Amino acid sequence: MGLLADRLDNMHVTAVAPGGAISGELRGRDCVRVTFAAGRYQWLDERYVEQQLAGLGRLLWAGRMKAYWAAVSEALGTSVSGEDPPVGPRDVDYQSARGGIVAEGRSDDGSVQIEVRGMRDWTVRIVPGSLRRFREDEFSVRVQQAATALIRDQFAQVRSLKDTIYGTAG
């Protein structure tokens, strides 16, 4: 599985939010970077950016899963496009519980908070005034902090759930 770990460590996914004002990239397993279209940051408000970041999160996660299954396919030498259906009650319990996980991440100063349920329903909250208080690069760092914390929380909860359901964190 060294090939798979290498592919996941070197994964690179990019996406553009639906309104086109914000782009993002996911590098490796949990490094997220966002950038704003030239000249747009100064004209945006928090509510709009919240919606755009939520959309960007969905797109990056979908791209990540596509890249993940491509990496699994390469490592196994056969085409894999998703999970096998549940085979027993523990699998059903695991998939159901995983779909209900609420992962959270916030920037170090709390100005950006991201929450996602089942990696489907994304909510982003930005403290009012943050876009005017921070330069574009400073705000982008806060989004990166929140996104990285969210991904790590999701993975930690999945590991814990696997341990609870299957008796192993692997």
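Residues numbered from 1 in each chain as written. Predicted model: local features only at pLDDT ≥ 70, side-chain atom pairs only at ≥ 80, totals over all residues. Heavy atoms only, no water.

1. A few points about the packing of aromatic side chains
This is how it is decided: When the centres of two rings from Phe, Tyr and Trp lie within 6.5 Å, Trp using its six-membered ring, the rings pair. Their planes under 30 degrees apart give stacked, over 60 give edge-to-face, and anything left gives tilted. Numbered from the N terminus, helices here are DSSP runs of H or I no shorter than four residues, and strands are runs of E no shorter than two. Type-normalised accessible area, obtained with a 1.4 Å probe on protein chains alone, sets the label of each residue: buried when under 20%, exposed when over 50%, and partly exposed for intermediate values.
This model, assessed by the stated rule, comprises six aromatic pairs. Ring centres of Phe36 and Phe139 lie 6.2 Å apart, and the angle between their planes is 50 degrees; this geometry places the pair in the tilted category. Of the two residues, Phe36 sits in strand β3 (residues 31-36) while Phe139 sits in helix α5 (residues 136-166), which places them 103 residues apart along the sequence. Relative accessible area serves as the criterion here: at 7%, Phe36 is assigned to the buried category.

2. What about the pairing of β3?
The test is simple: Think of it this way: DSSP has to see at least two bridges between two strands before they count as a pair.
What you see with β3 is a clean split: Val32, Val34 and Phe36 sit on the buried side and Cys31, Arg33 and Thr35 on the side with no burial. Bridge analysis of strand β2 (residues 22-27) against β3 gives six bridges, and the strand direction is antiparallel. In the strand pairing of β3, Glu25 is matched with Arg33. Connecting β2 to the antiparallel partner β3 that follows it, the hairpin turn spans three residues, and Gly28 within it adopts a positive phi of roughly 65 degrees.

3. Overview of the sheet that holds β3
Condition: For helices, the axis comes from a line fit to the C-alpha atoms of the stretch in contact; other axes are also lines fit to C-alpha atoms, and the angle between any two N-to-C directions lies between 0 and 180 degrees. Throughout, a residue-residue contact means that at least one pair of heavy atoms, one from each residue, lies within 4.5 Å.
On the basis of which strands lie adjacent, the open sheet formed by three strands has the order β1-β2-β3 and antiparallel pairing. Strands with a single pairing partner mark the edges of an open sheet, and in this sheet they are β1 (12-16) and β3. On average, adjacent strands in this sheet sit at an angle of 15 degrees to one another, irrespective of strand direction. Of the strands in this sheet, β2 and β3 are in contact with α5, which crosses β3 at around 150 degrees.

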